[in-house]
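The lines below spell out each chain.
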Amino acid sequence: MKKMSRPVRRSGLTMPINNPRFVDKSWTRDCDYLNFDLEDSVPQSQKDYARSQVRHAIVQGQKGAAEINIRINCAYPDADVPAAVWPGVKQINFPKAETGAQIRHLDALITELERARGIRPGTVRIGATVETTLGVANSYEIASASPRIDAFGGGTGYDMSMDMGIEMFVGFDQFVYNRGEGELIALALGLEREGGVYMSDTTGNVGNAELSIKRAEASRKAGLRTGGGLHPNVVAPQNLGLTPTENEVEDAHRVLAFFADLDQHAETEGDMNGRIVDKYEAARAEELVAWASLCAHRDAEKSAAREQTAAELDEQN
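About the cut-offs
Residues numbered from 1 in each chain as written. Predicted model: local features only at pLDDT ≥ 70, side-chain atom pairs only at ≥ 80, totals over all residues. Heavy atoms only, no water. Helix = DSSP H or I, 4+ residues; strand = E, 2+ residues; numbered from the N terminus. Buried < 20%, exposed > 50% of the residue type's maximum accessible area, 1.4 Å probe, protein only. Core = buried A, V, L, I, M, F, W, Y, C linked by side-chain atoms within 4.5 Å. Contact = heavy atoms within 4.5 Å. Pairing = 2+ DSSP bridges. Right-handed = clockwise from strand over helix to strand, strands pointing away. Axes fitted to C-alpha atoms, helices over the stretch in contact; angles between N-to-C directions. Polar contact = N/O pair within 3.5 Å; in protein donor to acceptor, adjacent residues only side chain to side chain. Expected span 1.5 Å × (residues − 1). Salt bridge = Lys/Arg side-chain N within 4 Å of Asp/Glu carboxyl O.

A. Region of interest: unusual backbone geometry. One non-glycine residue, Asp 30, lies in positive phi territory at about 65°. The residue Asp 30 is located in the loop between α1 (20–25) and β2 (33–37) in this model. On the accessibility criterion, Asp 30 (24% relative accessible area) is partly exposed. Although it is not a glycine, Asn 273 sits at a positive phi angle of roughly 55°. Along the chain, the position of Asn 273 falls in the loop between β8 (270–272) and β9 (275–277). According to the relative accessible area criterion, Asn 273 is exposed, its value standing at 80%.

B. A look at the nonpolar core. Counting 47 residues, the largest nonpolar core has Phe 36, Ile 70, Ile 72, Ile 92 and Ile 103 as the members making the most contacts within it. Looking at this core, the element that brings in the most residues is helix α5 (residues 100–116), giving 5 residues. Here Ile 103 is in contact with Phe 94, Ala 97, Ile 126, Ala 128, Ile 142, Ala 145, Ser 146 and Ile 149, once residues within four sequence places are set aside. Of all hydrophobic cores here, the second largest spans 12 residues; its members include Ala 252, Leu 262, Val 277 and Ala 282.

C. How the structure looks around the pairing of β2. Burial within β2 is extensive, with 5 of its 5 residues counted as buried. Residues Tyr 33, Asn 35 and Asp 37 line one face of β2 and the alternating positions Leu 34 and Phe 36 line the opposite face, and both faces are buried. Pairing analysis gives 5 bridges linking strand β1 (residues 12–16) to β2, with the strands arranged parallel. If you follow Gly 12 over to β2, its bridge partner there is Tyr 33. Handedness of the crossover joining β1 and β2 through α1 is recorded here as right-handed. Direction of pairing for β2 relative to strand β3 (residues 67–71): parallel, over a ladder of 5 bridges. Across the sheet, the residue bridging to Phe 36 is Ile 70, located in β3.

D. Quick peek at the sheet that holds strand β5 (residues 125–128). The strand order across the open sheet built from 5 strands is β1-β2-β3-β4-β5, with neighbouring strands paired in parallel fashion. Of all the strands in the sheet, the pair left with one neighbour each is β1 and β5. Taking each pair of neighbouring strands and ignoring which way they run, the sheet shows an average axis angle of 25°. Taken together, the 4 bridges between β3 and strand β4 (residues 89–94) define a ladder with parallel strand orientation. Considered in β4, the bridge of Ile 70 is made with Ile 92. The sheet strands contacting helix α3 (residues 54–62) are β2, β3 and β4, and the helix crosses β3 at an angle near 150°.

E. Seen up close, the environment of Tyr 198. In this structure, Tyr 198 sits in the loop between β7 (192–193) and α10 (209–221). Taking the C-alpha atoms as reference, Tyr 198 lies 36 Å from Thr 111; in sequence the two are 87 residues apart. When sequence neighbours within four positions are dropped, the list of residues in contact with Tyr 198 reads Val 170, Gly 171, Phe 172, Asp 173 and Arg 179. Of note is the side chain of Tyr 198, whose polar atom sits 2.9 Å from the backbone nitrogen of Phe 172.

F. Structural context of α10. Along its 13 residues, α10 runs 19 Å from first to last C-alpha, staying within 8% of the 18 Å computed at 1.5 Å per residue. Those residues of α10 not exposed but buried are Leu 211, Ser 212, Ile 213, Ala 216, Ser 219 and Arg 220. Contacts made by the buried residues of α10 are with α11 (235–241) and α12 (246–264). Between the side-chain oxygen at the start of α10 and the backbone nitrogen of Glu 210 there is a gap of 3.2 Å, and the oxygen is on Asn 208. Immediately downstream of α10, the backbone of Gly 223 shows phi near 90°, a positive value.

G. How the structure looks around the pattern of salt bridges. For the structure on display, the rule yields 30 salt bridges. In this structure, the salt-bridge partner of Asp 80 is Arg 51, at a minimum N-O distance of 2.6 Å. Of this pair, Asp 80 sits in helix α4 (residues 77–84) while Arg 51 is found in helix α2 (residues 47–52), placing the two residues 29 residues apart along the sequence. Arg 254 serves as the salt-bridge partner of Asp 251, at 3.7 Å between the closest nitrogen and oxygen. On the criterion of helical spacing, the pair formed by Asp 251 and Arg 254 is a turn pair, its members being 3 residues apart in helix α12. When its relative accessible area of 22% is taken as the criterion, Asp 251 is described as partly exposed. Salt bridges here are not isolated pairs; linked through shared partners, they connect Arg 10, Asp 30, Asp 32, Asp 299, Lys 302 and Arg 306.

Below is the structure:
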């Protein structure tokens with residue numbers, strides 16, 4: 001299976017796919033990705049209706065150039081996956097993942113549907129969300145179960161707190177072990193690390209923009225690149241906070257130029273204004289420059305798509 005290119009997922013909104021108001025406005029939100037939900041936010045009585053709305057949601061979300069994710073129910077993959085895998089869908093998110101066998105079964109279902117529906121083989125990713133203690137214990141098995149998984153983390157959130165029997169909104173990091181386990185496994189497997197730096201939050205306010213920008217900036221400095229949420233207020237802070245600043249990009253270019261000069265003189269490290277620069281600092285600078293370029297391209301892509309959609313709507317009216 002061909003290695004997937006690095007996606008930009010700084011911001012994303014999870015929303016119930018059975019809510020037309022949310023779905024129809026989704027393209028206006030400036031999200032890098034949209035996570036349309038068939039799971040917890042959809043009552044049991046509306047599961048069939050929700051499945052019927054996937055193709056409409058794909059069209060709406062793509063109007064703003066968002067990548068389209070579908071979160072399925074872990075208990076109903078055989079019913080949800082055929083409803084979810086269509087051209088335009090980038091990722092199937094599997095909640096409460098607990099075993100590698102679940103992921104391998106999901107991979108097989110997606111593979112069959114890619115073939116049947118004319119989707120280039122191997123292009124639909126899998127997001128494996130760990131939300132139980134068993135999932136944390138089996139994290140390596142889960143993360144390595146399919147090449148469709150290109151990012152991993154988790155072990156946090158409301159479902160995790162319920163499974164552990166602890167409160168969700170407290171003034172300490174009750175998920176510190178889970179976070180570390182997921183990040184180490186991602187690094188060991190060469191996957192993008194998912195998640196964010198812990199910051200105290202006892203309010204449960206999912207639309208706290210001030211906290212979102214602080215967390216996003218701290219997460220970026222810790223090497224994390226992904227975000228997401230439930231409220232539109234967090235989208236702009238995440239887009240901004242997870243994008244390198246101009247000063248950081250300029251500094252990274254200076255580091256790369258300095259290291260290139262070292263290499264020309266057969267040196268492996270040197271002092272740049274009181275700062276030691278070696279191959280590790282150069283690699284970090286190279287990643288930052290590349291990430292900044294990807295973010296700029298993504299922002300331009302989304303802006304152009306929204307402008308085009310707005311113009312088409314004006315013509316229709």
